[in-house]
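# Chains, contacts and geometry: an overview
The primary structure of each chain is shown beneath.
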Amino acid sequence: MTTVKGAVLRLSNNGYRALLRQRNYMISLVAGTVSRFGDSLDAIAFSWLVYQITGDAALIALVFSVNFLPTVLLQPLVAPVCERLRKTRVIALCNAARGLCVCAGALLFLSDALSVGLLIGMVLFNSIVEAIESPAGNALSQFLLPPELYTAGAALRGGISRAAELVGLACAGGLIALIGSPAALLIDAGTFLFYAACMPFIRYEEPLPEARATLQGYLSDLQAGARYALGHPVVRALMLVGAFLNFAATPFSTFQTVYVADALGMGPEMLSACGIALTAAMGLGSLLLPRLQARFSRSKLIAAAGLLSATVYCALGLLPHLGTAGRIAGLLCGMLVMGVDGGVLNAAFSASFLEHVDSGYMARTAGLTNAVLNSTMPLCSLLCTALATAMPVPAIFLSLSGVSVALLLLVTRCRGFREV
């Protein structure tokens, strides 16, 4: 870790110029940024398309809940297969498949042939393909940069991704109004195909297993990957950090509309302002990580960010007692602090994951970790729903600030956390 910290210190003085010389990373960054723009555009366009098709809140919830299933159930199972294949080829094929699927969905809608069943099938197909692609993408990251640039690479990717997301969210409403949601989805399909087309230009040496794939070999790889991930102290600590990240993000995302409308008495324009402030601050937090890490250890940054997150929830619980000006200022300041916190935590998590996981186990470890972390979000949402039956949202935020501190203490005391 001494070498990496020294490199981070030098990098913080030179900015991000060192990354510009990393050809493979820059190709991946450009492709990922375009794809992220498409994803944020898709988030609005697809939800509007689902509403147009179903018009039923229960069906809408069913369609979007399908998204979680492949990541939780399938990703750990396909990760050992991804480890035996060239990562850029897997990513290219998956993005091409997703692009063609989204394109087909838009064309079916334009021809009045897109039913609810086909829509659910389309969502499920895209989620399955994404579950296959994700472990390959995690594993490829280690081949794009030397280890001393992992932190800067994760930070820059996080910052630029958030910027692309902001642009996509800002453009989505106007584009849908101007050209319609199917046309917006065709643009999204184009970003997937662009991502796929960029992958062959990434050239690197990748050692692949020479032994022929068999069922017994697959089961052995699966078992070895689970043993490695669960037996590695730092990986276990990172899983707890990731679970804490999800816990910290879920309550506000679950209750933001109810909180802003009922507790604060504000309209949709405030929800939009919160989203912009939160996303922009997350990008800033990601970009700040190398400079912060030059002064503080990563574990201290995670602990400090967790405490700030708990403080924000406490403040949100007290905001309804202030006047209108105080509510607006407090809410926006809270979003900025929460966003910077989230950006620092996400970038620190990504960099630490790249540094500590052996390349031979990266896809399998990422698949298991993603499954664990994605399963915590619906569990946190269920907890929030249960609390909502017993107390108002501001009181829930106050209670969760204490729970956040308790969880943070648990995370910081686990074996391997100091090495994160």
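Computed from a predicted model, the values in this text were never measured in an experiment.

## Description of the overall build of the protein
- Summing up its helical and strand segments, the protein has 17 helices and zero strands in all.
- Each principal axis of the C-alpha atoms in the protein carries an extent, and together these give about 65 × 60 × 40 Å.
- Taking all 420 residues of the protein together, 48% fall into the buried category.
- Pairs at least 24 apart in sequence give 88% of the contacts found in the protein among residues at least 6 apart.

## Comments concerning the packing of helix 12 (residues 233–263) against helix 17 (residues 393–413)
- Here helix 12 crosses helix 17 at 170 degrees, and the two axes come no closer than 11 Å. Classified by the angle between their axes, helix 12 and helix 17 sit roughly antiparallel to one another. Where helix 12 approaches helix 17, its residues Leu240, Val241, Phe244, Phe247, Pro251, Phe252, Phe255, Val258, Tyr259 and Ala263 are matched on the opposing element by Val393, Pro394, Ile396, Phe397, Leu400, Val403, Ser404, Leu407, Leu408 and Val411.

## Quick look at the pattern of salt bridges
- Evaluation of the coordinates by the stated rule reveals nine salt bridges.
- For the salt bridge of arginine 98 with glutamate 130, the shortest nitrogen-to-oxygen distance reads 3.8 Å. Of this pair, arginine 98 sits in helix 7 (residues 87–110) while glutamate 130 sits in helix 8 (residues 116–144), placing them 32 residues apart in sequence.
- Exposure remark for arginine 98: the relative accessible area of 10% places this residue in the buried category.
- In this structure glutamate 130 comes out as partly exposed when scored by relative accessible area, which is 39%.

## A word on the side chain of glutamine 142
- Tracing the backbone through its elements, the reader meets glutamine 142 in helix 8.
- Judged by relative accessible area, glutamine 142 falls into the buried class, the value being 11%.
- Those residues in contact with glutamine 142 that sit more than four places away from it in its chain are Tyr150, Leu354, Val357, Asp358, Ser359 and Met362.

## Some thoughts on the packing of aromatic side chains
- Here the structure, examined in full by the defined rule, presents six aromatic pairs.
- Ring centres of tyrosine 313 and phenylalanine 397 lie 5.3 Å apart, and the angle between their planes is 50 degrees; on these two criteria the pair is classed as tilted. Highlighted residues: tyrosine 313 in helix 14 (residues 298–318) and phenylalanine 397 in helix 17, separated in sequence by 84 residues.
- Aromatic rings pair up to connect Phe252, Tyr259, Tyr313 and Phe397 into one cluster.
- The ring of tyrosine 204 is capped by arginine 86, whose NZ or CZ atom sits 4.2 Å from the centre of that ring.

## Overview of the packing of helix 13 (residues 268–293) against helix 15 (residues 324–356)
- Interaxial distance between helix 13 and helix 15 falls to 6 Å at its minimum, and their mutual angle equals 40 degrees. Between helix 13 and helix 15, the crossing angle belongs to the class labelled oblique. Both helix 13 and helix 15 take part in a crossing whose hand is right-handed.
- Here the residues of the contact of helix 13 with helix 15 are counted per class, giving 20 nonpolar, six polar and no charged.

## Looking at the confidence of the model for the protein
- In the predicted model, the protein carries a mean pLDDT of 84, and the fraction of residues at 70 or more is 92%.
- Mean pLDDT across the elements of the protein ranges from a minimum in helix 1 (residues 2–14), with 41, to a maximum in helix 7, with 92.
- Between residues 1–14, whose pLDDT stays under 50, and residues either more than four places distant or in other chains, the model counts 17 contacts.

## Quick look at unusual backbone geometry
- If you check the backbone angles, aspartate 112 has positive phi at about 60 degrees while not being a glycine.
- One can find aspartate 112 in the loop between helix 7 and helix 8.
- Look at aspartate 112 and you get exposed, because its relative accessible area is 73%.

## Topic: helix 7
- With 24 residues, helix 7 extends 35 Å between its outermost C-alpha atoms, agreeing within 8% with the 34 Å of an ideal straight helix rising 1.5 Å per residue.
- Aspartate 112, located one to two residues past helix 7, shows a positive phi value of around 60 degrees.

## What about a nonpolar patch on the surface?
- Taken together, the side chains of Leu107, Leu110 and Leu186 make up a nonpolar region of the molecular surface, amounting to roughly 260 Å² of accessible area.
- Structurally, leucine 110 is set in helix 7.
- Assessed through its relative accessible area of 54%, leucine 110 is described here as exposed.

## Section: the state of the cysteines
- Following the criterion strictly, the structure yields zero disulfides and no others.
- The thiol sulfur of cysteine 82 is not disulfide-bonded, and the nearest other cysteine sulfur, from cysteine 94, lies at 7.0 Å.
- Under the relative-accessibility criterion, cysteine 82 is labelled buried at 2%.
- Unpaired in this structure, cysteine 103 has its nearest cysteine sulfur neighbour in cysteine 101, at a distance of 9.9 Å.
- Judged by its relative accessible area of 25%, cysteine 103 is partly exposed.

## Digging into the environment of alanine 197
- For alanine 197, the position within the fold is in helix 10 (residues 181–198).
- Exposure remark for alanine 197: the relative accessible area of 45% places this residue in the partly exposed category.
- For the pair formed by alanine 197 and proline 146, sequence separation is 51 residues and the distance between their alpha carbons is 24 Å.

## Points about helix 13
- For helix 13, built from 26 residues, the straight-helix expectation of 38 Å at 1.5 Å per residue is met to within 8% by its first-to-last C-alpha distance of 37 Å.
- Of all the bends found along helix 13, the most pronounced is centred on leucine 287 and spans about 35 degrees, while proline 290, a proline, follows it within four residues.

Criteria and thresholds
Residues numbered from 1 in each chain as written. Predicted model: local features only at pLDDT ≥ 70, side-chain atom pairs only at ≥ 80, totals over all residues. Heavy atoms only, no water. Helix = DSSP H or I, 4+ residues; strand = E, 2+ residues; numbered from the N terminus. Buried < 20%, exposed > 50% of the residue type's maximum accessible area, 1.4 Å probe, protein only. Contact = heavy atoms within 4.5 Å. Axes fitted to C-alpha atoms, helices over the stretch in contact; angles between N-to-C directions. Parallel < 35°, antiparallel > 145°, perpendicular 65-115°, else oblique. Salt bridge = Lys/Arg side-chain N within 4 Å of Asp/Glu carboxyl O. Phe/Tyr/Trp six-rings, centres within 6.5 Å; stacked < 30°, edge-to-face > 60°. Lys NZ or Arg CZ within 6 Å of the ring centre and 35° of its normal. Left-handed = near helix turned anticlockwise from the far one by under 90°. Nonpolar A, V, L, I, M, F, W, Y, C, P; charged D, E, K, R; others polar. pLDDT = per-residue confidence, 0-100. Expected span 1.5 Å × (residues − 1). Patch = residues over 30% accessible without salt bridge, like charges linked within 9 Å, V, L, I, M, F, W, Y side chains within 5 Å. Areas by Shrake-Rupley, 256 points an atom, 1.4 Å probe, with all protein chains shown as cover. Disulfide = S-S within 2.5 Å. Bend = angle between axes of the 7 residues up to and from the residue.

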